[in-house]
Amino acid sequence: MKNVLLVSGSEKSIQAIASLVRSITEASVESAITAAEGSQLMESGRFDAMIVNTPLNDGQGIDLCVYVCEKLMYPVLLMTNDVTYKRVSEDIRNKGIIIIARPVEKKSYSVLCESLFTLCVLMNRMRDENRRLQSALEETKLVARAKSMLIKDMNMTEDQAHRFIEKHAMDLRTTRRNIAQNIIKTYYNK
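### Structural notes on unusual backbone geometry
So, step 1. The omega torsion across Thr54 and Pro55 is 5°, close enough to zero to call that bond cis.
So, step 2. Counting through the fold element by element, Pro55 comes out in the loop between strand E3 (49-53) and helix H3 (61-71).
So, step 3. Of note, the bond from Arg102 into Pro103 is cis; its omega dihedral lies within 30 degrees of zero at -5°.
So, step 4. Within the fold, Pro103 resides in the loop between strand E5 (98-101) and helix H5 (106-154).

### Considerations on the sheet that holds E3
Note on sheets: strands pair through backbone hydrogen bonds, and any given pair is parallel or antiparallel.
So, step 1. Read from one edge to the other, the open sheet built from 5 strands follows the order E2-E1-E3-E4-E5, with strand pairing classed as parallel. The open sheet has two free edges, formed respectively by strand E2 (28-32) and E5, since each of these has just one partner strand. On average, each strand axis in the sheet is inclined to that of its neighbour by 20°, with strand direction left out of account.
So, step 2. Two elements, strand E1 (residues 3-8) and E2, share 5 bridges in a ladder whose sense is parallel. In the strand pairing of E2, Asn3 is matched with Ser28.

### Observations regarding helix H6 (residues 158-171)
So, step 1. In a regular helix each residue adds 1.5 Å, so 14 residues correspond to 20 Å; H6 covers 20 Å between its end C-alpha atoms and thus fits that length.
So, step 2. Those residues of H6 that sit buried are Ala161, Ile165 and Ala169. All buried residues of H6 fall inside an arc of 65° around its axis, so they share one side. Looking at H6, the residues exposed on the side facing more than 90 degrees away from the buried face are Asp159, Met170 and Asp171.
So, step 3. Contact partners of the buried residues in H6: H5 and helix H7 (176-188).
So, step 4. Arg173 lies just past H6 and shows a positive phi near 50°.

### What about the side chain of Asn53?
So, step 1. For Asn53, the position within the fold is in strand E3.
So, step 2. The exposure class assigned to Asn53 is buried, which follows from its relative accessible area of 7%.
So, step 3. Within the structure, Asn53 has its side chain in polar contact with the side chain of Ser8 (distance 3.0 Å).
So, step 4. A polar contact of 2.6 Å, which involves the side chain of Asn53, links it to the side chain of Arg102.
So, step 5. Residue contacts for Asn53: discarding those within four places in its chain leaves Val7, Ser8, Gly9, Ser13, Ile17, Met79 and Arg102.

Reading the values: rules and limits
Residues numbered from 1 in each chain as written. Predicted model: local features only at pLDDT ≥ 70, side-chain atom pairs only at ≥ 80, totals over all residues. Heavy atoms only, no water. Helix = DSSP H or I, 4+ residues; strand = E, 2+ residues; numbered from the N terminus. Pairing = 2+ DSSP bridges. Axes fitted to C-alpha atoms, helices over the stretch in contact; angles between N-to-C directions. Expected span 1.5 Å × (residues − 1). Buried < 20%, exposed > 50% of the residue type's maximum accessible area, 1.4 Å probe, protein only. Arc of directions from axis to C-beta. Contact = heavy atoms within 4.5 Å. Polar contact = N/O pair within 3.5 Å; in protein donor to acceptor, adjacent residues only side chain to side chain.

Below, the structure written as structure tokens:
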């Protein structure tokens, strides 16, 4: 099930849009009235996507969309009036934000919500892959630092230092990261 944050300036529009989203999908919908509140809630990591219906009470709807899409990497659907749509639509689309002008037919809204949820799946995969790559990079950096210490302090060659870390990881049934961290602690505390 998807968790969607709906940010809109009025309770009436929140109820109407939330009802529409729930009629299309089994998404859980929570709401916020200001961009500041929406930003804080999205930073919590509890949501898969955000729908923003402008204008907001603090007038920062577009800035919120850009922040959430570019910095937090969550899919965003921006609903706005026709004048704002014409003014910002090209810029907004280039930032990866889905934008529509009100009024919106239910069928069109259904297609857009389905697209938003498809983006959720893709973005979640990308975030997971990014975390995996970040972890691998950190491990590589730790192992390289530990090797450097072994080469310097134990007069090992690079191959010997590499073999030392690999062998200890296998013998102790632990990760190269743990062995590298222990080596760094040992030689850093000298």
